[in-house]
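Residue-level structure breakdown
Single-letter residue listing:
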Amino acid sequence: MDEDSPPPPPPNEASPPPPPVAVSGSPTDFLKGVVGKRVIVRLTSGVDYRGILSCLDGYMNIALEQTEEHVNGSVTNRYGDAFIRGNNVLYISAAEPL
């Protein structure tokens, strides 16, 4: 062991988490990649809808399957299918790793 090198960390000390994975690509690539996967749709009202993204169009109109409505972090409703008008959408996020 070199005198200038720092000592190894104790075995009970947790290592820092890995850096976030950098994802490159366009928003269109992202949206094409999440069709058929679980997503979180945040509306401008602050309500979240979580479900499987069935399809969407250029206006961000969204069709979800197996949808749950979340208000303030708790499930308030469950729907089989839900259709969300695009002008209400704040963002779409992947609910599972891509």
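Provided above is the structure to which this section pertains.
Residues numbered from 1 in each chain as written. Predicted model: local features only at pLDDT ≥ 70, side-chain atom pairs only at ≥ 80, totals over all residues. Heavy atoms only, no water.

**Notes on the sheet that holds strand β1 (residues 38-43)**
Within the open sheet, the five strands sit side by side as β4-β3-β2-β1-β5. Their pairing is antiparallel. The sheet is open, and its two edges are formed by β4 (74-84) and β5 (89-94), each paired on a single side. Adjacent strand axes in the sheet meet at a mean angle of 30° when their direction is disregarded. Judged from the five bridges that link them, β1 and strand β2 (residues 48-56) form a sheet pairing that is antiparallel. Each residue of the ladder has a partner; that of I40, found in β2, is R50. Helix α1 (residues 27-34) rests against β1, β2 and β5 of the sheet, and its axis sits at about 60° to β5. (Pairing = 2+ DSSP bridges. Helix = DSSP H or I, 4+ residues; strand = E, 2+ residues; numbered from the N terminus. Axes fitted to C-alpha atoms, helices over the stretch in contact; angles between N-to-C directions. Contact = heavy atoms within 4.5 Å.)

**Focus on the side chain of E69**
Along the polypeptide, E69 turns up in strand β3 (residues 62-71). One buried charged residue, E69, remains without a salt bridge, the closest side chain of opposite sign being R78 at 10 Å. Separated by 2.6 Å, the side chains of E69 and Y49 make a polar contact. Discounting residues that sit within four places of it in the chain, E69 has contacts with V47, D48, Y49, S74, V75, T76, N77 and Y79. (Buried < 20%, exposed > 50% of the residue type's maximum accessible area, 1.4 Å probe, protein only. Lys, Arg positive; Asp, Glu negative; His and termini not counted. Salt bridge = Lys/Arg side-chain N within 4 Å of Asp/Glu carboxyl O. Polar contact = N/O pair within 3.5 Å; in protein donor to acceptor, adjacent residues only side chain to side chain.)

**Concerning the pairing of β1**
Turn length for the β1-β2 hairpin, with the two strands adjacent in sequence and antiparallel, is four residues, and the turn residue G46 shows positive phi of about 95°. Sheet topology note: the β1/β5 ladder contains five bridges and is antiparallel. Paired with V39 across the bridge in β5 is A94.

Purely geometric numbers; function is a separate question.
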